[in-house]
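Residue-level listing of the chains:
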Amino acid sequence: MKTELSLALIGGGNMANALASGLIGRRCAAGNVHVIDPGEAVRARWDALGTTTAAAPDARLAECRVWFFAVKPQVMAEVVRQCRPWLRPDTLIISIAAGIPGEALARWLGADGQPYARIVRCMPNTPALIACGMTGMAALSGVDESDRALAEELLRAVGEVIWVDDDAAIDAVTAVSGSGPAYVFLFLEALIAAGIEQGLTPEQSRQLALGTFHGATQLAALSPDSPAVLRDRVTSKGGTTAAALAVFQDRGLPDIMREAVDAAARRAGALAREFSA
């Protein structure tokens, strides 16, 4: 194990659990993880893992090199302000709270009109729960190269990461990958139902749909060719795939996808304005 890291998880829910499962024993000892959560049952689960816990922010925070904020956006401002007394100049803040701009976090953590800019804002998605997540990350001006490297290392514990430039780009990340699993699940739901209508059993249709989706995404990830090229290769003129794709095109699937992603991005921006007021 590398030099052990002291880590605070402010919010002990599913995403915090996913992070801890990838980090404890690899990057930090359980005893070096401090979890803050008001839920007694939540704290009991963390206590069983060997972490320290508290119902509210406490002085133990001052000993933690990295603070992960993983609370609901509605309570984020108050929780951040409760934590601020124990903030040190070298504390790296990593926020995985949806809808909270980095500028708002910097303002809430700062004092005397001086924003605290050692902050990385992240947008993971739910496959992080099985270490297959996709996380977009944006760093504020106070984050140096060593902080960036550390933040990236920590988020890689739950999947892949990409860096983007700012909060606007995080809104786009939210629309594509943050909300994206729901788009995939909707497509799978529809494909499974269509298979059943064609006479397959529910289990047969589910297995075929999931296996096909997994294989196709793996092929797309490993191939040097674009998805458009890969699609053309399995589409014979006048064949079954062409007949199906023609329906998608006629019903405007590409336009529907663009509109859906745009709606999600606009909503992300609206929520950011609401929660950071």
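Up top is the structure these notes are about.
To start, this report covers the structure provided alongside it.

What counts and how
- Residues numbered from 1 in each chain as written.
- Predicted model: local features only at pLDDT ≥ 70, side-chain atom pairs only at ≥ 80, totals over all residues.
- Heavy atoms only, no water.
- Pairing = 2+ DSSP bridges.
- Helix = DSSP H or I, 4+ residues; strand = E, 2+ residues; numbered from the N terminus.
- Axes fitted to C-alpha atoms, helices over the stretch in contact; angles between N-to-C directions.
- Buried < 20%, exposed > 50% of the residue type's maximum accessible area, 1.4 Å probe, protein only.
- Right-handed = clockwise from strand over helix to strand, strands pointing away.
- Salt bridge = Lys/Arg side-chain N within 4 Å of Asp/Glu carboxyl O.
- Phe/Tyr/Trp six-rings, centres within 6.5 Å; stacked < 30°, edge-to-face > 60°.
- Lys NZ or Arg CZ within 6 Å of the ring centre and 35° of its normal.
- Left-handed = near helix turned anticlockwise from the far one by under 90°.
- Contact = heavy atoms within 4.5 Å.
- Nonpolar A, V, L, I, M, F, W, Y, C, P; charged D, E, K, R; others polar.

Moving on to the sheet that holds strand S6 (residues 119-123). With mixed pairing, eight strands are arranged side by side in an open sheet as S3-S2-S1-S4-S5-S6-S7-S8. Only two strands of the sheet have a single partner each, and these edge strands are strand S3 (52-54) and strand S8 (159-163). Neighbour-to-neighbour, the strand axes of this sheet turn through a mean angle of 20 degrees, independent of strand direction. Bridge analysis of strand S4 (residues 66-69) against strand S5 (residues 92-95) gives four bridges, and the strand direction is parallel. Along S5, the bridge assignment pairs Phe-68 with Ile-94.

It is worth spelling out the pairing of S5 at this point. The alternating pattern of S5 places Leu-92 and Ile-94 on one face and Ile-93 and Ser-95 on the opposite face, and all of these are buried. Each parallel crossover has a hand, and the one from S4 via helix H3 (residues 73-83) to S5 is right-handed. Between the parallel pair S5 and S6, the chain is carried across by helix H4 (residues 102-109), and the sense of this crossover is right-handed.

Attention now moves to the pattern of salt bridges. A full pass over the atoms with the stated rule returns 14 salt bridges. Arg-118 is paired through a salt bridge with Asp-144; the nearest N and O atoms lie 4.0 Å apart. With a gap of 26 residues between them, Arg-118 in the loop between H4 and S6 and Asp-144 in the loop between strand S7 (133-139) and helix H5 (145-155) connect regions that are remote in the sequence. When its relative accessible area of 18% is taken as the criterion, Arg-118 is described as buried. The class of Asp-144 is partly exposed, set by a relative accessible area of 35%. Taken together, the salt bridges that share partners define one network made up of Arg-65, Arg-118, Asp-144 and Asp-147.

All chains considered together, the criterion is met by two aromatic pairs. Summarising the aromatic geometry, the rings of Phe-187 and Phe-213 are spaced 6.4 Å apart at their centres and angled 50 degrees between planes, so their arrangement reads as tilted. Residue Phe-187 is located in helix H7 (residues 180-197), and its partner Phe-213 is located in helix H8 (residues 202-222); the two are separated by 26 residues in the primary sequence. The ring of Trp-163 carries the charged tip of Arg-148 above its face, separated from the ring centre by 4.0 Å.

Let us look at the packing of H3 against H4. Relative to each other, H3 and H4 sit at 35 degrees, their axes nearing to 9 Å. Handedness of the crossing formed by H3 with H4: right-handed. On the side of H3, the interface is formed by Met-76, Ala-77, Val-80 and Arg-81, while H4 contributes Leu-105, Trp-108 and Leu-109. Residue composition of the contact of H3 with H4, grouped by class: six nonpolar, no polar and one charged.

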